[in-house]
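# Understanding the architecture of this molecule
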Amino acid sequence: MEAYFIAIGIIALIYVILSLGLTLQYGLTGLINFGHVGFFAIGAYTSALLALKGVPLVLSFAAAAALAGLAAWPLGLVSLRLRDDYFAIVTLGFSEVVRIVITSEGWLTNGVQGLPGIPRLYEGLGGSAAQLAVLVTVLAVTLVGTWIIRRIAGSPFGRLIEAIRDNEEAVQALGKDPARFKIQVLVVGAALAGIAGAFYAHYITYIVPDQFIPLVTFYVWMAIIMGGVGRVSGAIVGTAILMLFLEGSRFLRDIVPGVSEVDMASVRIGAVGLLLVLFIMYRPQGLMGDYTKR
Amino acid sequence: MSLEIHDISKAFGGFRALDGVRLTIETGSLFGIIGPNGAGKSTLFSVVSGFARADEGQIRLDGQSLDSLSPPARARAGMVRTFQVPREFRHLTVRENLMAAAPKQTGESLLGLFFRPGRVREEEGAIAERVNETIRFLKLSAVADQPSGKLSGGQKKLLELGRALMVEPRLILLDEPFAGVNPVLIGEIMERITELNTRGIGFVIIEHDLEALTRLVPQLAVMDRGKVLAQGAPQAVLDDALVREAYLGGVS
Amino acid sequence: MFYAQLLVNGLVQGLVIGLAALSITLVFGIARFPNAATGDFMTFGAYSALSAHKVTGSIAMGGLAAIIATGVISLLAYLAVFRRLAERSVVALLVASIGIAFFIRAVLGVAFGHSQQVFQVPLSRPYVFGSVRITPLDLQLALVALAALALVFAILYLTPIGRQMRAVADNRDLARVSGIRPDRVMIALWLLAGSVAGIAGMMLGIKTIVTPEFGWEMLLPAFTAGILGGIGSPVGAVVAGLILGVVQEVSTPFVGFTYKIALAFIIMLAVLLVRPRGLFGRLEGAR
């Protein structure tokens, strides 16, 4: 039972890191990033591949963050001057292309067979002690991430990205170039997603392209919309609900006889769809309330 | 020292919104532009401030060519515009709106934010001082800490003026500062503009409200169908036969 | 002559993309958001056609089922969701369209299972022109697509409601003041957009294998064709779809089968950078 809660805790914190990045990008800046899972995937594969080659995990994690951030940079350069809706399509397309590349370049990524045997963090500790150590590490990184996002939100930089979200042309009229800010936001959010991906890879120890479908992006969207867009606390609360939902659906499958995993996957995706629609329609400010009163 | 608008033309599809507009405006002056709806006034502002590209023509500010500059670069060159429909940062308070407008902030770079926190704090203090002055000057103290989205139309116009001031420009382009504003506040805004002008800040003002504008500016231009019909002192311009025909024909 | 064969294959594929892009460009031009549920509308059309085909044995009945059922689903999505979000920001509409996409996919997954399904169409000898082979099936599909396009264009250009739709796409405010009733236009729009996506889905289903995910994978090429053609331009969408279909086929020997979608993405980026209003687009740009 304890092991179960530790496992849930680790996965939940990985999702919190993902939603911190999206909170910065969408909640504060208004960037409609529909390709979050792409950066998550880049982080996961980068760290996994390096670790399998014997690179120390500290370095492979750093590389995961760096490469995910680096991937965001050219994408931002070409797409950040586009209108919001076009940006959403482009990022969605980007994450699909990342998955296609991972699937196709078998010489590097082992294609659809995926990468098995990714080394765990703290393998030397063994068993439950290692699990606990992983949990503590993810928690520490989450706290640092939370501190960074809060720090940014409360700073002159944060003030300006919120201004960009409210009216981009007015920001330009005041002599500031929104693209310069948006690209930094995109890179920081992507780097966070990259770190989340590295944790994921080394925790699950086996990654395949199918784990990085757009559904993951929209899990994170669901979390921040449910929690309340633009609030760091909202990202955390939303992720907690998301985990309850994901685990609950798994639990349900275990107790209801005759429900296959693919059926449950369908039910899960349908519920995500329905929740997204219902929240957008009836409670766009999320459960935690309107972020203007932050 | 002047803003030179040289033979600017701009067409949307087949419609010539601006047709060879030529104006020279002293940078430190108060200058009005009037004209009926669709005369091209707002398009002229968009082109001058860089939000729309001219098809032809050049724009210079105090001798510096602006043609290749982006809208933010033009603002940094000393010329800030406001918008016809106010574009407040609606989730930010009045105070935050003004602080966001202050130029060259170290805390607006992530590196500066995390590696020079002392300097950021210092600058924030200085900016807060200036913001307080601006708030007092514009008499917005009562709403200083309210989300700007909740302000009245007139207060939003004042806030836009305040944000423009924070950039410390030499020239401010005001797009219909009196539209939708109650008469008491119109007087207030006019006073502020006059006072700022005595401190050396120039204004170009697009206005519909002919009466208010003629009280405010010593010089104005009349536009119609993308062209400047006449330019000069208000009375002289309004007496111009062409203007009477094109613009006031329906009115008088 | 190898390329002539690819060209023919590409044209058939291009008609599918073109139809999907037509659905997207109509919605984007008139309702003003990129409808991410278009791919799953296609899937819905494919399963509708598949069911009707199983029962009746007739492809024509399948097509009719795809048109009607997908048109109705699309209209329902509008009435239940998109209409109520009309005054909200584009992100609300976008997220809602993703939600609807997921929901449709889930319903199809539960109803039809996840095993691959195919249309049982009789194999027949291809027509041979020199070294180019065209199967009767491809020819039929092309004819169906052309008939569907002819019908859509007839509606858009010859009927009063079609003219109103184009007027709204051109200038919404102007259309409103000239007395066009937006409600009727929107209902016609969503019926039409759904039906077109449904037909596209059936065609894709006949050409390939039907799964609950297969329409979603057409979303990117369809968006690309919509943008390349110029958002709001029905002719542009079809032309761009054909171009994209041919480019994808002809490039397959060089970049491989799996990179088709990546290629569409690169083309989309290139268009957005170089000519955001596309081939036939109007003034309103992507920036």
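Throughout what follows, the structure given in this document is the object of discussion. Just so you know, these numbers come straight off a predicted model, no measurement behind them.

Judged by nonpolar contacts, the single largest core of 274 residues is most densely connected at Ala 68, Ile 195, Met 222 and Leu 276 of chain A together with Ala 20 and Leu 189 of chain C. Considering each element in turn, this core owes the most residues, 16 residues, to helix H9 (residues 178-204) of chain A. Ignoring anything within four residues of it in the chain, the contact list for Ile 195 of chain A reads Ile 17, Gly 43, Phe 61, Ala 64, Ala 65 and Val 141 of chain A.

Below, the discussion takes up the interface of chain C and chain A. Chain C puts 37 residues into the contact, and the matching count from chain A is 33 residues. Going through the elements one at a time, helix H4 (90-112), helix H9 (219-229) and helix H11 (260-274) of chain C are the ones with two or more residues in the side of chain C that touches chain A. Classifying every residue of the side of chain C that touches chain A gives 29 nonpolar, five polar and three charged.

The next thing to look at is unusual backbone geometry. We note that Thr 205 of chain A has phi near 65 degrees; this positive angle belongs to a residue other than glycine. Position of Thr 205 of chain A among the secondary structure elements: in the loop between H9 and helix H10 (214-227). Accessibility expressed as a C-beta count within 10 Å gives 14 for Thr 205 of chain A, which makes it partly exposed. The phi angle at Arg 225 of chain B is positive, at roughly 45 degrees, despite the residue not being glycine. Along the chain, Arg 225 of chain B falls in the loop between strand S9 (219-224) and strand S10 (227-232).

Moving on: the sheet that holds strand S3 (residues 30-34) of chain B. Residues and elements named next belong to chain B. Ordered by their spatial adjacency, six strands build an open sheet running S6-S7-S8-S3-S9-S10, and the pairing between neighbours is mixed. Looking along the sheet, the strands with just one partner apiece sit at the ends: strand S6 (79-81) and S10. If you compare each strand with its neighbour and ignore which way they point, the axes differ by 15 degrees on average. For S6 and strand S7 (residues 171-175), the ladder comprises three bridges, and the chain directions are parallel. If you follow Met 79 over to S7, its bridge partner there is Leu 171. Where helix H1 (residues 41-49) meets the sheet, its contacts fall on S3, S6, S7, strand S8 (202-206) and S9, and the angle it forms with S7 comes to roughly 145 degrees.

Cut-offs and rules
- Residues numbered from 1 in each chain as written.
- Chains lettered and ligands numbered in written order.
- Predicted model: local features only at pLDDT ≥ 70, side-chain atom pairs only at ≥ 80, totals over all residues.
- Core = buried A, V, L, I, M, F, W, Y, C linked by C-beta atoms within 7 Å.
- Buried ≥ 20, exposed ≤ 12 C-beta atoms within 10 Å, placed from the backbone.
- Helix = DSSP H or I, 4+ residues; strand = E, 2+ residues; numbered from the N terminus.
- Contact = placed C-beta atoms within 7 Å.
- Nonpolar A, V, L, I, M, F, W, Y, C, P; charged D, E, K, R; others polar.
- Pairing = 2+ DSSP bridges.
- Axes fitted to C-alpha atoms, helices over the stretch in contact; angles between N-to-C directions.

So far we have only geometry, and geometry alone does not tell us how the molecule works.
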